[in-house]
Amino acid sequence: AKTIGLWVLRLSDKVVLLHEGLIKPAKKMKLNYQVIHNGVDFNLLEKAKPDLKIKKNIGHFNVIYAGRLESVKGYEDYLQVAQIMIKKYKNINFYAAGNIIGKDEIIKQYQSDRLTFLGHRNDIYSVLKRMDIFVLPSYSEGLPNALMESMALGLACVSSQVGGVKYLLKDNINGFTFDPGNQKQLQTQLEKLIRNQKLIKQFGARGKELIFKKYNLDICAKKLRKLLADYA
């Protein structure tokens, strides 16, 4: 990245940055750059049908982590908090969506009747439509698609403060944030939500509005098409 990669970037006609947090290093490297965000396809979201196999009971809350089961994603922080909370609250269910191949020990350690591993899902939008809260516990991110898609679907989102997350979630305005690896903070933020269903709806509505206005795939694709046309 600091040898060959740097020269490739400098020789490029234009470098596309995924979020504003990358502007400072781009300037430092003297790159010719433009910010074009990842985009969320609202048409695909709307077409997805909720997975009715996942129970969604009145007065209960469904919480999900969706992503790779790798340490950098912080998934074990999520699972450990989930274990604590299912003992403390009877109206909350936790889910983890992601490839479980080679994760037998993790599943054995954490899975229960209220903490379910869904494995890899090609219909993740259908799964998310049965959830109330999305958790992103990562230690490193760019501009996370899973977070943007969950916001676009109206879920209340709780995320670690990494990468481009701060451009998506404003703490206590359209979601909650916590320090990476701080399980106590994560638990506290989740408890605030399950104790206030009105807040879940408010965060969901505000998050969806932000993604639709600023990170809609139609808007992002239009910017990229213009950029490519300028260099055609």
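Right above here is the structure, for reference.
Below you will find a few notes about this structure.

Calculation rules
- Sequence order sets the numbering: in each chain, residues are counted from 1 along the sequence as written.
- Totals for whole chains, interfaces and linings use all residues, but because this is a predicted model, local features are given only for residues with pLDDT of at least 70 and pairs of side-chain atoms are given and counted only at 80 or more.
- Side-chain calculation: all heavy atoms of the structure are included, whereas hydrogens and water are not.
- Numbered from the N terminus, helices here are DSSP runs of H or I no shorter than four residues, and strands are runs of E no shorter than two.
- Residue exposure (1.4 Å probe, protein chains only): buried if accessible area is under 20% of the type maximum, exposed if over 50%, otherwise partly exposed.
- Every residue pair with non-hydrogen atoms within 4.5 Å of one another is taken to be in contact.
- Any pair of N or O atoms that falls within 3.5 Å is considered a polar contact. Within protein, one atom must be able to donate a hydrogen and the other to accept it, and sequence-neighbouring residues count only if both atoms are side-chain atoms.
- Throughout this description, the term nonpolar core refers to a set of buried Ala, Val, Leu, Ile, Met, Phe, Trp, Tyr and Cys residues connected via side-chain atoms within 4.5 Å.
- For two strands to count as paired, DSSP must find a minimum of two bridges between them.
- A fitted line through C-alpha atoms serves as each axis, taken over the contacting stretch for helices, and the angle formed by two N-to-C directions is quoted from 0 to 180°.
- These descriptions rest on fixed angle ranges, namely under 35 degrees for roughly parallel, over 145 for roughly antiparallel, 65 to 115 for roughly perpendicular, and the rest for oblique.
- Side-chain classes follow a simple rule in which Ala, Val, Leu, Ile, Met, Phe, Trp, Tyr, Cys and Pro form the nonpolar group, Asp, Glu, Lys and Arg form the charged group, and the remainder, Gly included, forms the polar group.
- The residues that make up patches have over 30% relative accessible area and no salt bridge, and they are joined within 9 Å when like-charged or within 5 Å when they are Val, Leu, Ile, Met, Phe, Trp or Tyr.
- All accessible areas in this document rest on Shrake-Rupley with a 1.4 Å probe, and a residue is counted as covered only by the protein chains that are shown.
- What makes a salt bridge here is a side-chain nitrogen of Lys or Arg within 4 Å of a carboxyl oxygen of Asp or Glu, nothing more.
- Residues counted as positive are Lys and Arg, residues counted as negative are Asp and Glu, and His and the chain ends are not counted.
- Think of each charge as sitting on NZ of Lys, CZ of Arg, CG of Asp or CD of Glu.
- The method works on a 1 Å grid over the protein atoms by themselves. A cavity is a set of points holding a 1.4 Å probe that cannot get out, a pocket is an open set with protein on both sides within 12 Å along at least five of seven lines, and residues with an atom within 4 Å of a point line them.
- Grid points are joined across faces, edges and corners, and a volume is the space filled by probe spheres set on the points.

Within the secondary structure layout, Glu149 lies in helix α7 (residues 145-152). In this structure Glu149 comes out as buried when scored by relative accessible area, which is 18%. Taking the C-alpha atoms as reference points, Glu149 and Asp41, separated by 108 residues in sequence, lie 8.5 Å from one another. Those residues in contact with Glu149, other than ones at most four positions away along the chain, are Val40, Leu45 and Tyr125. At 3.0 Å, the side chain of Glu149 forms a polar contact with the side chain of Tyr125.

A few words now on the nonpolar core. If you look at the biggest cluster of nonpolar residues, it comprises 33 residues, and the most contacted ones within it are Phe94, Phe117, Ile133, Leu190 and Leu193. Among the elements that line this core, the one with the most residues is helix α4 (residues 75-88), at 7 residues. The contact partners of Phe117, leaving out residues within four places of it in the chain, are Leu69, Leu79, Ala96, Ile100, Ile106, Ile107, Tyr110 and Gln111. One finds Val40, Ala66, Leu118 and Leu136 within the second-largest nonpolar core, a separate group that totals 30 residues.

Okay, the sheet that holds strand β5 (residues 115-119) next. Whether parallel or antiparallel, the strands of a sheet pair through hydrogen bonds between backbone atoms. With respect to topology, 6 strands assemble into an open sheet ordered β5-β4-β3-β6-β7-β8, the strand pairing being parallel. Each end of this open sheet is capped by a strand with a single partner; those strands are β5 and β8 (176-178). Taking each pair of neighbouring strands and ignoring which way they run, the sheet shows an average axis angle of 20°. By the bridge criterion, 4 bridges tie strand β4 (residues 92-97) to β5 in an arrangement that is parallel. Each residue of the ladder has a partner; that of Ala96, found in β5, is Phe117. Across the face of the sheet, helix α8 (residues 183-194) comes into contact with β3 (61-66), β4, β6 (133-136), β7 (156-160) and β8 while running at roughly 165° to β8.

The subject of this paragraph is the packing of α7 against helix α9 (residues 197-214). Contact geometry of α7 with α9 gives a least axis separation of 7 Å together with a crossing angle of 115°. Between α7 and α9, the crossing angle belongs to the class labelled roughly perpendicular. Two secondary-structure elements touch here, α7 through Met148, Met151 and Ala152 and α9 through Gly204, Gly207, Lys208, Leu210 and Ile211. Here the residues of the contact of α7 with α9 sort into 5 nonpolar, 2 polar and 1 charged.

Together, Lys166, Lys170, Lys214 and Lys223 make up a positively charged patch on the protein surface. Tracing the chain through its elements places Lys223 in helix α10 (residues 217-230). Judged by relative accessible area, which is 38%, Lys223 ranks as partly exposed.

With that settled, the discussion passes to the layout of surface pockets. The computed volume of the largest pocket comes to approximately 320 Å³. What lines the largest pocket is a set of 20 residues, among which Ala66, Gly67, Ala97, Ile124 and Ala146 lie closest to the centre. Taken together, the elements giving at least two residues each to the lining of the largest pocket come down to α6 (124-128), β6 and α7. The biggest single contributor to the lining of the largest pocket is α7, with 4 residues.

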